[in-house]
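Notes for the structure review
Residues per chain, in single letters:
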Amino acid sequence: MSNLLTLKDISILITKGTTPTSIGRNFVSTGINFVKSESIKDSKHLDSSLFMKIDSETDDKLKRSRLEKDDLLFSIAGAYLGKLAIVQDIDLPANTNQAVGIIRLNKRKANVDYIYYFFSQPSVNKYINSLSAQSSQPNINLELLGRLSFKYIDLKEQIKIANILSVIDKKIELNKRINTELEAMAKTLYDYWFVQFDFPNKDGKPYKSTGGKMVYNAILKREIPEGWKNIQLGNVVARIGTGLNPRDNFKLGEGKNYYITIKDIEQNKILFSDKADRISDEALDIINQRSDLKEGDILFTSIQPVGLTYLIHNKPINWNINESVFTIRANSSLVTSEYLFKLLSSEQMKVFTKNSSSGSVHKGIRHGILKTFVFAYPSLPRIEKFTAVIKPILQKQYNLEIENQQLATLRDWLLPMLMNGQVTVK
């Protein structure tokens, strides 16, 4: 037997799903999970937050594509072409649509983790995308999916390689879960202090809940603690700037530094991936003359998705931003960077930016409009007490994110070397 096998050679099923609306059915608010390709990202497992729902009758009609544990899902159409994920117990019961290929492996021939890692290699993903028909949207059909080949190795060797890479991915996933919990904790604390006004009073008890005096504020149209006042964001900010677009200023694709745009920013996270554009050292200097990024500045995306924020913990040395990203600096005589970061990340700010954004194609917000956001301002001492509580949480989140970047780099370095035999497992 040749050591070059196809997915069809090692599978007991290769199929795809169907969109419920094509059979006269609709999505529902609760029921059976329905996986779309958007749930298949740069992770070994599915993003359940993006699941849709179908009822059991629809699931019966689509029983051909019911998912099982350890099914390998392969995005076969659209922007996510070539991305993979493995179905877990917690995802079930579940079904999927026609943009997702389902590969059910023969477990006596192949290890699902090994196959996932092999086809997750950037070089393999690039090859798969090159097979796309390049019609209205990129796609590959099931026949082509089944013909995708790989160098077959003994099942025990597959498991050894997969175990090494899985250990790294498990640590990355654990860090992500911890960060999600820390994010929820930080949000709760902010809301407790500055939305519900139950910050600790002089006796350490919740201010409003224990009868702290509240006064009506006509500008905010609500009661706020006595001694607080309404203030515009522009009054507590020392500087708002942006990065720079290439135009005649510099060229993209030269150098090793990262050129960060809105597509590279998630909430409190920058994605330093191969998808980010690169710039030279000279371009980095040109951009920084305008952005002047410093430790403690806050990034704020100004066009859709508007309002994603990131607190800069260390002065950037190998990245900078484009014009669609604001950099906002706290006026330290009135607020701290950590408080300003949570204020800019708050639900009130999200509502304000949603109502204040404009644009026919891409919604966005301007500096001047953002500065008019009005909020209930306490005092610098109160903000400093809050900062003493929130700063260790934000630092822990940052440290875990840095650790995950290092782990991902190690995994991505090991992956091709394990697959081509340059590194072996004893």
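Points about the sheet that holds strand β14 (residues 257-260)
Strand order in the open sheet formed by three strands is β17-β14-β20, with mixed pairing between adjacent strands. With partners counted over all chains shown, the strands left at the sheet margins are β17 (277-279) and β20 (319-321), one partner each. The mean angle between the axes of side-by-side strands here comes to 35°, regardless of whether they run parallel or antiparallel. Note that β14 and β20 share three bridges and pair parallel. Bridged to Y258 within β20 is W319. Strand contacts of helix α6 (residues 281-291): β14, β17 and β20, with the helix running at about 45° to β20, the strand carrying the most contacts.

A few points about the sheet that holds strand β18 (residues 298-301)
A sheet is described by the order of its strands in space; here four strands give the open sequence β13-β21-β18-β19, paired in antiparallel fashion. The sheet is open, and its two edges are formed by β13 (237-242) and β19 (309-311), each paired on a single side. Strand-to-strand twist in this sheet, taken as the mean axis angle between neighbours without regard to direction, amounts to 20°. Bridge count between β13 and strand β21 (residues 325-330): five bridges; the pairing is antiparallel.

Comments concerning the packing of helix α5 (residues 155-194) against helix α10 (residues 380-419)
Put simply, α5 and α10 touch, their axes get as near as 9 Å, and they point 165° apart. It follows that α5 is roughly antiparallel to α10 by the angle criterion. The two elements α5 and α10 cross, and the hand of that crossing is left-handed. Counted by class, the contact of α5 with α10 contains 25 nonpolar, four polar and ten charged residues.

Some remarks on the side chain of T242
The topology assignment puts T242 in strand β13. A distance of 3.4 Å separates polar atoms of two side chains, one belonging to T242 and the other to R290. In this structure T242 touches R290, S291, I321, N322, E323, V325, F326, T327 and H367, once residues within four positions along its chain are discounted.

A few points about helix α8 (residues 347-356)
Within the span of α8, buried status applies to M349, F352 and T353. When α8 is viewed along its axis, its buried side chains cluster within an angular range of 95° and face the same direction. For α8, the exposed residues lying more than 90 degrees away from the buried face are K354 and N355. Where α8 is buried, its residues touch β18, α7 (337-344) and α9 (367-370).

As for the pairing of β14
Taking every second residue as pointing to the same face, both faces of β14 are buried, with N257 and Y259 on one and Y258 and I260 on the other. Sheet topology places β14 next to β17; three bridges connect them, and they run antiparallel. Considered in β17, the bridge of Y259 is made with D277.

A short note on the pattern of salt bridges
Enumeration over the complete set of coordinates arrives at 29 salt bridges. Taking the shortest distance from any N to any O, the salt bridge between K41 and D47 comes out at 3.2 Å. By relative accessible area, which is 36% here, K41 ends up partly exposed. Two residues, R104 and D71, come together in a salt bridge whose shortest N-O distance is 2.7 Å. Residue R104 is located in strand β8 (residues 100-105), and its partner D71 is located in the loop between α1 (56-61) and β5 (72-75); the two are separated by 33 residues in the primary sequence. Summarising the burial analysis for this pair, R104 and D71 share the class buried. Several salt bridges converge on common partners, so that one network encompasses D292, K294, D297 and R329.

Things to note about the nonpolar core
As a rule of thumb, soluble globular proteins bury nonpolar side chains together. In terms of nonpolar packing, the biggest core is built from 43 residues, with L233, V236, I328, Y339 and L340 touching the most fellow members. At the level of secondary structure, the elements contributing two or more residues to this core comprise α5, β13, β18, β21, α7, α8, β22 (374-377) and α10. Among the elements that take part in this core, α10 stands out by supplying seven residues, more than any other. Filtering out sequence-adjacent residues up to four positions away, I328 remains in contact with V237, R239, I240, D297, I298, F300, L340, L344 and L370.

A word on the pairing of strand β11 (residues 222-225)
With four bridges connecting them, strand β10 (residues 214-217) and β11 associate as antiparallel partners. The partner of N217 across the bridge, within β11, is R222. Linkage of β10 to β11, two consecutive antiparallel strands, is achieved through a turn of four residues, within which K221 is found at a positive phi near 60°.

With respect to the packing of aromatic side chains
Taken as a whole and judged by the stated rule, the model has 25 aromatic pairs. Residues F194 and Y339 carry aromatic rings whose centres are separated by 5.0 Å and whose planes lie at 70° to one another, so their mutual orientation is edge-to-face. In this pair, F194 sits in helix α5 while Y339 sits in helix α7, placing the two residues 145 residues apart along the sequence. As far as the burial class goes, F194 and Y339 line up, both buried. Seen from their ring centres, Y258 and F272 are 5.1 Å apart, and the 70° between their planes marks the pair as edge-to-face. Here F272 lies in the loop between β16 (269-270) and β17 and Y258 lies in strand β14, a separation of 14 residues in the sequence. Given the relative accessible area of 15%, Y258 is considered buried. Among the aromatic residues, those joined into a ring-pair cluster are Y190, W193, F194, F197, F199, Y207, W228, Y339 and F386. Here the basic side chain of R278 rests over the ring of Y258, its NZ or CZ set 4.2 Å away from the ring centre.

Thresholds applied
- Residues numbered from 1 in each chain as written.
- Predicted model: local features only at pLDDT ≥ 70, side-chain atom pairs only at ≥ 80, totals over all residues.
- Heavy atoms only, no water.
- Pairing = 2+ DSSP bridges.
- Helix = DSSP H or I, 4+ residues; strand = E, 2+ residues; numbered from the N terminus.
- Axes fitted to C-alpha atoms, helices over the stretch in contact; angles between N-to-C directions.
- Contact = heavy atoms within 4.5 Å.
- Parallel < 35°, antiparallel > 145°, perpendicular 65-115°, else oblique.
- Left-handed = near helix turned anticlockwise from the far one by under 90°.
- Nonpolar A, V, L, I, M, F, W, Y, C, P; charged D, E, K, R; others polar.
- Polar contact = N/O pair within 3.5 Å; in protein donor to acceptor, adjacent residues only side chain to side chain.
- Buried < 20%, exposed > 50% of the residue type's maximum accessible area, 1.4 Å probe, protein only.
- Arc of directions from axis to C-beta.
- Salt bridge = Lys/Arg side-chain N within 4 Å of Asp/Glu carboxyl O.
- Core = buried A, V, L, I, M, F, W, Y, C linked by side-chain atoms within 4.5 Å.
- Phe/Tyr/Trp six-rings, centres within 6.5 Å; stacked < 30°, edge-to-face > 60°.
- Lys NZ or Arg CZ within 6 Å of the ring centre and 35° of its normal.

Treat this as a map of the structure, not an account of what it does.
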